[in-house]
Amino acid sequence: MKQADDRWPKGPVRFLALPAEAVAADPASAAALLEQGLEDGAVIALPAPGEQAALAAALSPQAPPGPAVVLGSGGSAGGRRWVQLGVAGLEAAADGLGPWLLEQGLDPATCQWLDPLPLHHVSGLMPWLRARRLGGRLRWLAPALLRDPVALAAACPLPADQPALLSLVPTQLRRLLEHRAGEGWLRGCRVIWVGGAALPEDLAECCRRLELPLSPCYGSSETGAMVTALAPERFLAGESGCGTALPHAQLRIDPATGAVQVRAASLALGEHAAGRFQPLPLDEGWWSSGDLGRWGKAGGLELLGRCDGAINSGGETVFPEQVELRLLAAAREAGLPLRHLLLLAEPDPLWGERLVALVRAERSAPSGVGACDGVPDGDPLGAPDAALIPPLVTLAAALPSSQRPKRWLACPELAPSPLGKWQRGRWRDWLQQRPEGS
């Protein structure tokens with residue numbers, strides 16, 4: 001790609017020339033149009049389906065010049081941010097992954113980059129750019145295949161002489177492991193990066209039992225995707241967390257807030273909002289991510305939850321996401337058919353804040369269930385959601401009092417986004433519509 005010059009490209013920020021639905025249907029054609037636009041020095045806005053109008057309203061003509069892309073980010077708190085990433089920074093992120101792969105004994109030029117996510121997601125954009133930058137074969141996977149392991153295995157056989165590299169979120173990983181065909185297909189991958197949401201411990205242990213080469217990682221749209229990755233060998237040896245910094249990045253924990261801070265060549269240039277552009281807020285080059293973290297015993301990054309998600313309950317700091325993981329693990333150990341659990345906070349006159357639990361049960365299992373014994377959505381049969389609440393209350397009694405939900409609500413429609421993220425603002429609205437006694 002050409003170097004960005006110091007002039008704003010002719011015309012305004014451009015949308016990708018295909019509708020978002022067409023991008024998902026034909027990513028190779030969309031990528032060709034994207035590449036041409038970037039070669040011309042443009043700033044290409046990549047909207048998700050249904051987001052064209054919102055993104056158009058946010059874009060600012062005062063943003064830095066291209067070549068660059070604008071992607072959606074966030075949304076867990078109910079908002080949506082539109083982040084501009086320069087191509088030079090994205091290339092630095094791709095370059096930073098090369099040495100890490102060589103450390104795993106993999107030559108990127110001989111690998112097959114599997115891409116199951118759309119271009120409007122940073123983790124769908126980066127496999128395309130990594131293949132261009134580092135070599136190897138790019139292979140697009142239709143998102144629907146990730147929900148149909150049998151069709152996936154048939155449509156995308158993985159040759160042993162071309163190491164397959166794959167990025168997933170935990171929801172996609174669990175769904176594949178719910179079927180023997182998905183389990184067998186994953187065994188053909190040499191590296192499976194997992195990020196975007198916390199990796200539940202039961203899912204991690206399942207993958208260790210199956211000896212799947214997982215690489216938990218950490219990154220965001222603002223960082224140009226991955227800035228840390230745990231080597232599969234260390235994951236299989238039992239190490240937790242999401243590894244250490246990749247060569248293009250540095251990480252630290254803010255001693256005042258506990259926030260993970262990143263300094264990297266791949267950081268976004270800034271954010272579009274309501275027709276204005278705001279540069280990424282930096283403190284001597286460091287960006288505060290909004291994620292709470294700590295350093296694990298082996299020196300890798302361990303995530304605790306969102307900075308804006310921690311609550312104070314009875315004088316104790318509580319991280320709802322950590323409590324969710326503990327309760328989910330306890331429920332699976334007890335054999336409870338729990339599909340989803342989400343903990344939200346609401347004011348309490350005595351405690352300050354208390355947790356409220358939203359609960360959704362599994363549906364009945366089909367034939368061909370995989371080694372993790374998961375059960376997919378879609379079958380209306382199975383234990384009612386409300387029937388799970390009494391045994392869950394019993395399990396929660398083992399937690400400290402500040403971590404025990406004050407009330408429990410059956411929520412049959414409870415589910416994360418397709419990329420495994422909880423849109424907590426949406427479920428807070430749902431909760432506020434329920435009376436205190438429900």
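From a predicted model like this one, the values you see are computed outputs, not experimental measurements.

(A) Examining the side chain of Arg-174 more closely. Here Arg-174 lies in helix α7 (residues 170–177). Residue class for Arg-174 comes out buried when judged on its relative accessible area of 14%. Among the polar contacts made by the side chain of Arg-174, one reaches the side chain of Asp-202 at a distance of 3.2 Å. Setting aside chain neighbours within four positions, we find Arg-174 in contact with Pro-200, Asp-202, Leu-203 and Arg-332.

(B) Molecular detail of the packing of helix α4 (residues 87–103) against helix α5 (residues 122–134). One can describe the packing of α4 onto α5 by two numbers: an axis separation of 9 Å at closest approach and a directional angle of 70 degrees. It follows from the interaxial angle that α4 and α5 lie roughly perpendicular. Judged by the twist between their axes, the crossing of α4 over α5 is right-handed. Here α4 contributes Leu-90, Glu-91, Ala-93, Ala-94, Asp-95, Leu-97 and Gly-98 to the contact with α5, which in turn contributes Leu-125, Met-126, Leu-129, Arg-130, Arg-133 and Leu-134. When the residues that make up the contact of α4 with α5 are grouped by side-chain class, the tally is eight nonpolar, one polar and four charged.

(C) Quick look at the sheet that holds strand β22 (residues 407–410). The strand order across the open sheet built from three strands is β20-β21-β22, with neighbouring strands paired in mixed fashion. Bordering the open sheet on either side are β20 (338–348) and β22, each of which pairs with just one other strand. Between one strand axis and the next, the sheet turns through 25 degrees on average, direction left out of account. Inspection of the sheet shows β20 paired to strand β21 (residues 352–361) by 10 bridges, in the antiparallel sense. Bridge pairing in β21 places His-340 opposite Arg-360. Across the sheet, helix α11 (residues 320–333) touches β20, β21 and β22, and the angle it forms with β20 is around 145 degrees. Helix α12 (residues 389–396) rests against β20, β21 and β22 of the sheet, and its axis sits at about 150 degrees to β22.

(D) Broad picture of the pattern of salt bridges. Tallied over the full model, the rule gives 17 salt bridges. For Arg-294, the salt bridge identified is with Glu-302, shortest N-O distance 3.0 Å. You can call Glu-302 buried: its relative accessible area is 16%. Close ionic contact of Asp-348 with Lys-406 constitutes a salt bridge, the shortest N to O distance being 3.0 Å. Taken together, the residues Asp-348 in strand β20 and Lys-406 in the loop between α12 and β22 connect sequence positions 58 residues apart. When its relative accessible area of 11% is taken as the criterion, Asp-348 is described as buried.

(E) Examining α4 more closely. With 17 residues, α4 extends 25 Å from end C-alpha to end C-alpha; this agrees with the ideal 24 Å at 1.5 Å per step. Of the residues making up α4, those classed as buried are Val-87, Gly-89, Leu-90, Glu-91, Ala-92, Ala-93, Ala-94, Gly-96, Leu-97, Gly-98, Trp-100 and Leu-101. Once α4 ends, the next one or two residues include Gly-105, with phi positive near 80 degrees.

(F) Up close: α7. With six of its eight residues buried, α7 lies for the most part within the structure. Considered for burial, the residues of α7 that qualify are Pro-170, Gln-172, Leu-173, Arg-174, Leu-176 and Leu-177.

(G) Local environment of the pairing of strand β13 (residues 259–264). Within β13, five of the six residues are buried, which leaves it mostly tucked inside the rest of the structure. Relative to β13, strand β12 (residues 249–253) is paired through five bridges, and the arrangement is antiparallel. Looking across to β13, one finds that Ile-253 is bridged to Val-260. Following β12, the chain reverses through five residues before pairing antiparallel with β13; Gly-258 in that reversal takes a positive phi of roughly 80 degrees. Both β13 and strand β16 (residues 287–295) contribute to a ladder of three bridges, which runs antiparallel. The partner of Val-262 across the bridge, within β16, is Trp-287.

(H) How the structure looks around the sheet that holds strand β4 (residues 81–86). An order of β1-β2-β3-β4-β14-β15 is seen for the six strands of this open sheet, with the pairing classed as mixed. Every other strand in the sheet has two partners, leaving β1 (14–15) and β15 (276–279) as the edge strands with one partner each. One ladder, built from three bridges, connects β4 with strand β14 (residues 270–273); its direction is antiparallel. Within β14, the position partnered with Val-83 by the bridge is Glu-271.

Conventions and cut-offs
Residues numbered from 1 in each chain as written. Predicted model: local features only at pLDDT ≥ 70, side-chain atom pairs only at ≥ 80, totals over all residues. Heavy atoms only, no water. Helix = DSSP H or I, 4+ residues; strand = E, 2+ residues; numbered from the N terminus. Buried < 20%, exposed > 50% of the residue type's maximum accessible area, 1.4 Å probe, protein only. Polar contact = N/O pair within 3.5 Å; in protein donor to acceptor, adjacent residues only side chain to side chain. Contact = heavy atoms within 4.5 Å. Axes fitted to C-alpha atoms, helices over the stretch in contact; angles between N-to-C directions. Parallel < 35°, antiparallel > 145°, perpendicular 65-115°, else oblique. Left-handed = near helix turned anticlockwise from the far one by under 90°. Nonpolar A, V, L, I, M, F, W, Y, C, P; charged D, E, K, R; others polar. Pairing = 2+ DSSP bridges. Salt bridge = Lys/Arg side-chain N within 4 Å of Asp/Glu carboxyl O. Expected span 1.5 Å × (residues − 1).

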